[in-house]
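# Reading the structure
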Amino acid sequence: MCPESLPRFRPENLEHNETMFDHVSEMAAKKGCTPGQLALAWVHLQGSDVCPIPGTTKIENLDQNVGALSVKLTPDELTELESIADAVNGARDIEVVPSWTDSETPLLSSWKAE
């Protein structure tokens, strides 16, 4: 599948979304981390029932992913990142994939050990 077929990479959305990515990159640079680490840190802080599971086949990428655990975000930074995520134009895929906001996963506190 070519990137242009994905709604987020279509010309009508691309310039806006590049601006959003540039903003995340600037935030990451100020925090002394990569944009990917910033994104993983944000996901990690979405709740005790949320755990990012990034895939990788390279040790250097694994090291980058683990480094995300050291990224500390303020409540204002969390709010800013959420507003950026909400402002991205275009669906994630041609067939819209449900996001974490559509999840019906029960709270971790409701789980019972067997």
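Scroll up for the structure.
Here is a short report on the structure shown in this document. Predicted, not measured: the structure shown is a model, and the values here were computed from it.

### Focus: the overall build of the chain
Each helix and strand counted, the chain has four helices and zero strands in total. Seen in sequence order, the chain has helices and strands lined up from the N terminus as α-α-α-α. Counting only residues that meet the buried cut, the chain has 18% of its 114 residues in that class. Here the contacts in the chain between residues at least 6 apart in sequence split such that 70% fall between residues at least 24 apart.

### Remarks on the nonpolar core
Counting residues in hydrophobic clusters, the biggest one holds 12 residues: Met-20, Val-24, Met-27, Ala-28, Cys-33, Leu-38, Ala-41, Trp-42, Val-71, Leu-73, Leu-81 and Ile-84. The set of elements that each furnish at least two residues to this core consists of α1 (11–31), α2 (35–44) and α4 (75–87). Take this core: its biggest share by element is four residues, from α1. With sequence-adjacent residues up to four places away left out, Ala-41 is seen in contact with Ala-68, Val-71 and Leu-73.

### Description of the pattern of salt bridges
Should their charged atoms come close, side chains of opposite charge can pair. The full count for this structure, using the stated rule, is one salt bridge. Glu-77 is paired through a salt bridge with Lys-31; the nearest N and O atoms lie 3.1 Å apart. Highlighted residues: Glu-77 in helix α4 and Lys-31 in helix α1, separated in sequence by 46 residues. A residue is classified by how much of its surface remains accessible, and Glu-77, at 17% relative accessible area, is buried.

### Quick look at the environment of Arg-10
Mapping Arg-10 onto the fold places it in the segment before α1. With 80 residues separating them along the chain, Arg-10 and Gly-90 place their C-alpha atoms 8.1 Å apart.

### Re α4
End to end, α4 covers 18 Å across 13 residues, agreeing with the expected 18 Å (1.5 Å per residue, within 8%). Contacts made by the buried residues of α4 are with α1 and α2.

### Focus on a nonpolar patch on the surface
The grouping of Ile-59, Leu-62, Val-66 and Leu-69 at the surface amounts to a nonpolar patch, some 380 Å² of accessible area in total. With respect to the secondary-structure elements, Val-66 resides in helix α3 (residues 59–67).

### A short note on the side chain of Gln-37
Within the secondary structure, Gln-37 sits in helix α2. In this structure Gln-37 comes out as buried when scored by relative accessible area, which is 11%. Here the side chain of Gln-37 touches Gln-64 through a polar contact of 2.9 Å, landing on its backbone oxygen. Residues contacting Gln-37, with those up to four places away along its chain left out, are Gln-64, Gly-67, Ala-68 and Val-71.

The rules behind each value
- Residues numbered from 1 in each chain as written.
- Predicted model: local features only at pLDDT ≥ 70, side-chain atom pairs only at ≥ 80, totals over all residues.
- Heavy atoms only, no water.
- Helix = DSSP H or I, 4+ residues; strand = E, 2+ residues; numbered from the N terminus.
- Buried < 20%, exposed > 50% of the residue type's maximum accessible area, 1.4 Å probe, protein only.
- Contact = heavy atoms within 4.5 Å.
- Core = buried A, V, L, I, M, F, W, Y, C linked by side-chain atoms within 4.5 Å.
- Salt bridge = Lys/Arg side-chain N within 4 Å of Asp/Glu carboxyl O.
- Expected span 1.5 Å × (residues − 1).
- Patch = residues over 30% accessible without salt bridge, like charges linked within 9 Å, V, L, I, M, F, W, Y side chains within 5 Å.
- Areas by Shrake-Rupley, 256 points an atom, 1.4 Å probe, with all protein chains shown as cover.
- Polar contact = N/O pair within 3.5 Å; in protein donor to acceptor, adjacent residues only side chain to side chain.

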